[in-house]
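The primary structure of each chain is shown beneath.
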Amino acid sequence: MEFSDFFKILKRHKLTLIVIPVITVIITYFLVHNQPDSYSSEARIATGIVDQTQQLLNNNNAQESQINQEFSNLTEMLRSKKMLDQLAYKLIIHDLTSDKPYRDPSPLFKELSTNEKQRAVSTLTSLYKTRDGLSLFNPDQNRLNKLVVSMHYDDQSILKTLQVYRVQNSDYITVHFDSENAELSAIVVNILCMEFIDYYTLLVKENQRKAVGFLGALLRAKEDSLNKRMANLKAYKIRNHVLNLNEKAKSIYGQMADFETRREEAQKNIQATQAAINNIDQQFNPADRKYLESSKIAVTQQLLSTRDELQAANDKYVQNNFDPKYKTRIDSLNKVVSTQLSQLSDKYVLNPMSTKKDLIDQKLGLQIQHQLAKHSTGSIDGELSRLYNEFNGLVPHEGTIQAYESAISVASQEYLEILQRYNQASMVSNFSTQLRLIERAEPGIALPSKKMLLVILSFIISFAFCIVVLFILFFFDHSIKNPHELANRTKIPVLGYLNLLKSKSIDLKDIWNEQTETDEFKQFRNLMQSIRFEVDNELASGKTLLINSITKAEGKTFLAINLAYAYASINKKVLLIDGNFNNPDITNSTQTKVYLEDFLKGSDDVSLLQANTRISLLGNKGHGRSLLEESDVQQIGLKLSALKTAFDVIIIEAPALETLNKSKEWTMFADKVITVFEAGKTISRTDREHIAYLKNLHDKFSGWILNTVNRDELTNLEST
């Protein structure tokens, strides 16, 4: 398939490509020449969605997808049936109550009486106020709906020329409408914009009111929950005498740490004084110690008495959490002990020869310190035990109080969040809606007429449609139209082709009579002579030519007769044999009485065929038999050999290949075979099997003769 062939088809159908678009243009012109002029009006609405000057209460930056979604919601709401119904109500009410309707009354409108108009206005006004749609189940409202449709105020009619879109990436929405009336266009746009703004404002305010009411109730519930939990915590602290648990725990923990430190210091003093006393005791012998103790009994008793008072004061000091007033008493008693020790040292009770006076005094002081430290350890342990018990008693309170405080923290956070949202909703509800009609629609001028554009488009579309139809026919057309296609698809050479003769009745004498020839006869005879030349070259030294076809009625009979005439015109003795036992057309058309069956059986001689004319005929009786059923191969070969000696050329018309053996039996006795193919036919799967058989004949098969070629194809062939 080549596109050059498609251009040939276009050239062949050039008249169609001109006539159909012209007819379409004429029809379009008569359809649109009375079309009324169109007037356009538009208005513009500011939404405040992306206008930062109106973002007083909402500082968050929305994503582009969210902004686009908001604009899509607004535009769809503008185009919604609810809004268009409100528009239709106002328009039809105006037409029903005014002497100058926006549009010419429809036949249904003219049929309404005065009472019917009043009822219609009442019903439509009620529906307009409640923003309800017409119910088609109600007979009266269904009739009103038909009235609205007849005036072309319904939503489908309005949407045909209504355009609602966002102006690029701005904050504005444009509403555009076209109609046959300039005033109507402006009124439709203005009414629709105002109805939309009112409805949207009502819808937003209603939602804001519901939101404020809901958040207010939720805020009160959260406040009550918070107060209840705070009251529970307060009651628990009062009931368990807990003022400040954290401070009290810190205080007890600090006291415990202080007592732990003092206990460690006391234990260190006990160990140190005991070690010092043991060291001093090792330096005394029993006699010295006996003398010393006997000489200091009175002073020692006073010292022990003072030491007991010091221990009692130290116990009170520890038990009262190291109160400073007890510290003064302890310091006073320490001074008394120091005085008594000095007295004990000054008293001359030792042996003058003794050198251990100082060690004895030191030992006495260490013993006092040891006793004080040892006694204070017990007091400190007792206080530590008390503090530990008191600290452990705080643990259950701590867990309960933490649970109360955690619940209070959650409730407080929820309360603050709801409070913030409530305040935000309250502030927003006090502001007016952001939608504003910033540009009202005004009656516009008439738009440029589209009549000429429609006419031009009709021509272009019809012309393109014809091209597409022809291309589809070309693309799906697999028929053989010219010798080139036949040769390319079968890979078999084409010896020649014959033009299609359009005459209803054809006389062979007219074709071969130069005095009565027409253009198509002359062309046919020239093509026939060309075929004769090609066949003559193929036969060479042979004389027997078999003509067959793949299917019947492809023109092999007509070719065989005309080929015989072509040979006769060059003074050749030609024998034309009708070998088609199924359809003996040659026999029937020539009315010959010499039959092939008789000749093969020997009843007729060759001399009977040698008439004075250059063309001799050998017909058949048409009983539907095959060649080998009439005689054997040897007899047929002998008879054909005898014919070859008597004639220059023997032309045999065989049955079509679709008859299988009836055609193939003739092939055995032919020198060359040519096959007729009718132009305009396609090659089927069965045809491909027959073509494969012809190819297997090798040199015996000479090629195709393409019959009934269209005149346009012949013109293309001659031009190439």
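Placed above this text is the structure.
(A) Representation of the overall build of the protein in the model. Secondary structure assignment for the protein yields 26 helices and 11 strands. Among the 720 residues that make up the protein, the fraction classed as buried is 40%. Taking all contacts inside the protein whose residues are at least 6 apart in sequence as the whole, residues at least 24 apart take part in 81%. Total accessible area on the protein stands at roughly 40900 Å², and carbon and sulfur atoms take up 53% of it.

(B) Molecular detail of helix H23 (residues 633–646). Between its terminal C-alpha atoms H23 stretches 20 Å, which fits the 20 Å expected from 14 residues at 1.5 Å a residue. Those residues of H23 lying buried are Ile636, Lys639, Leu640, Leu643 and Ala646. Seen from one end, H23 has its buried residues packed into an arc of 110°, which puts them on one side. What points out from H23, more than 90 degrees from its buried face, is the exposed set Gln634, Leu638 and Thr645.

(C) View of the sheet that holds strand E6 (residues 544–549). Spatially, E5-E11-E10-E6-E9-E7-E8 is the arrangement adopted by the 7 strands of the open sheet, whose pairing is parallel. With partners counted over all chains shown, the strands left at the sheet margins are strand E5 (494–499) and strand E8 (615–618), one partner each. Strand after strand, the sheet turns through a mean of 20° between neighbouring axes, direction not considered. Bridge analysis of strand E7 (residues 574–578) against strand E9 (residues 649–653) gives 5 bridges, and the strand direction is parallel. Within E9, the residue paired with leucine 575 across the bridge is isoleucine 650.

(D) Structural detail: the pairing of strand E11 (residues 701–709). Among the 9 residues that make up E11, 8 are buried, leaving the element largely enclosed by the rest of the structure. Looking at chain direction, E5 and E11 are connected through 4 bridges and run parallel. Following the sheet pairing, glycine 496 is matched in E11 by isoleucine 705. Here strand E10 (residues 672–678) pairs with E11 via 6 bridges, running parallel. Directly across from valine 676, in E11, lies its bridge partner isoleucine 705. A crossover links E10 with its parallel partner E11, the connecting element being helix H25 (residues 685–696), and its sense is right-handed.

(E) Local environment of the side chain of glutamate 195. Residue placement: glutamate 195 occurs in helix H9 (residues 182–239). Looking at glutamate 195, its side chain comes within polar contact range of the side chain of tyrosine 128, at 2.3 Å. What glutamate 195 contacts, discounting residues up to four positions off in sequence, is Met83, Gln86, Lys90, Tyr128 and Arg131.

(F) Focus on the packing of helix H6 (residues 114–130) against helix H7 (residues 139–150). As a packed pair, H6 and H7 sit with axes 11 Å apart at the nearest point and diverge in direction by 95°. By the criterion of interaxial angle, the relationship of H6 to H7 is roughly perpendicular. When H6 is examined against H7, the residues Glu116, Ala120, Thr123, Leu124 and Leu127 are found in contact with a partner set consisting of Gln141, Arg143 and Leu144. Across the contact of H6 with H7, the residue classes tally to 4 nonpolar, 2 polar and 2 charged.

(G) Here's a closer look at helix H3 (residues 64–78). Between its first and last C-alpha, H3 extends 21 Å over 15 residues, near the 21 Å set by a 1.5 Å rise per residue. When we look at burial in H3, the residues that qualify are Ile67, Phe71, Leu74, Thr75 and Leu78. Seen end-on, H3 carries its buried residues on one side only, within an arc spanning 95°. Opposite the buried face of H3, by more than 90 degrees, sit the exposed residues Ser65, Gln69 and Glu76. On its buried side, H3 packs onto strand E1 (39–46), helix H4 (81–97), strand E2 (162–166), strand E3 (172–179) and H9.

(H) Expanded view of empty space enclosed by the protein. Counting across every chain of the model gives 1 cavity of 30 Å³ or more. Taken as a whole, the largest cavity holds about 40 Å³ of empty space. Forming the walls of the largest cavity are Ile577, Leu596, Phe599, Leu600, Leu618, Leu627, Ile636, Lys639, Leu640, Leu643 and Trp666. Residue assignment for the lining of the largest cavity shows that the elements contributing at least two residues are helix H21 (596–601) and H23. With 4 residues, H23 is the largest single contributor of residues to the lining of the largest cavity. For the lining of the largest cavity, the per-class residue count stands at 10 nonpolar, no polar and 1 charged.

(I) Here's a closer look at the sheet that holds strand E4 (residues 436–439). Spatially, the 4 strands line up as an open sheet ordered E2-E3-E1-E4, and their pairing is antiparallel. Every interior strand has two partners, whereas the edge strands, E2 and E4, have only one. Pairwise comparison of adjacent strand axes, ignoring direction, gives a mean angle of 25° for this sheet. Of the pairings in the sheet, the one linking E1 to E3 comprises 8 bridges and is antiparallel in character. Along E3, the bridge assignment pairs serine 40 with aspartate 178. With respect to the sheet, H9 is in contact with E1, E2, E3 and E4, its orientation differing from that of E1 by roughly 20°.

(J) Focus on the packing of aromatic side chains. Counting across every chain of the model gives 6 aromatic pairs. Taking 5.7 Å as the distance between ring centres and 75° as the angle between the ring planes, the aromatic pair formed by tyrosine 29 and phenylalanine 30 counts as edge-to-face. The exposed category is assigned to phenylalanine 30, whose relative accessible area is 56%. Each member of the aromatic cluster is reached from another via a ring pair, and the members are Phe677, Phe701 and Trp704. Arginine 166 extends its terminal NZ or CZ atom over the ring of phenylalanine 71, reaching a point 4.0 Å from the ring centre. Cation over ring: lysine 639 sits above phenylalanine 599, and NZ or CZ is 4.9 Å from the ring centre.

(K) Seen up close, the environment of serine 503. Tracing the chain through its elements places serine 503 in the loop between E5 and helix H17 (508–512). Excluding its chain neighbours within four sequence positions, the residues that come into contact with serine 503 are Glu520 and Phe521.

What counts, and at which threshold
- Residues numbered from 1 in each chain as written.
- Predicted model: local features only at pLDDT ≥ 70, side-chain atom pairs only at ≥ 80, totals over all residues.
- Heavy atoms only, no water.
- Helix = DSSP H or I, 4+ residues; strand = E, 2+ residues; numbered from the N terminus.
- Buried < 20%, exposed > 50% of the residue type's maximum accessible area, 1.4 Å probe, protein only.
- Contact = heavy atoms within 4.5 Å.
- Areas by Shrake-Rupley, 256 points an atom, 1.4 Å probe, with all protein chains shown as cover.
- Expected span 1.5 Å × (residues − 1).
- Arc of directions from axis to C-beta.
- Pairing = 2+ DSSP bridges.
- Axes fitted to C-alpha atoms, helices over the stretch in contact; angles between N-to-C directions.
- Right-handed = clockwise from strand over helix to strand, strands pointing away.
- Polar contact = N/O pair within 3.5 Å; in protein donor to acceptor, adjacent residues only side chain to side chain.
- Parallel < 35°, antiparallel > 145°, perpendicular 65-115°, else oblique.
- Nonpolar A, V, L, I, M, F, W, Y, C, P; charged D, E, K, R; others polar.
- 1 Å grid on protein atoms, 1.4 Å probe; cavity = no way out; pocket = protein on both sides within 12 Å on 5 of 7 lines; lining within 4 Å.
- Points joined across faces, edges and corners; volume = space filled by probe spheres on them.
- Phe/Tyr/Trp six-rings, centres within 6.5 Å; stacked < 30°, edge-to-face > 60°.
- Lys NZ or Arg CZ within 6 Å of the ring centre and 35° of its normal.

Nothing here speaks to function; it is geometry throughout.
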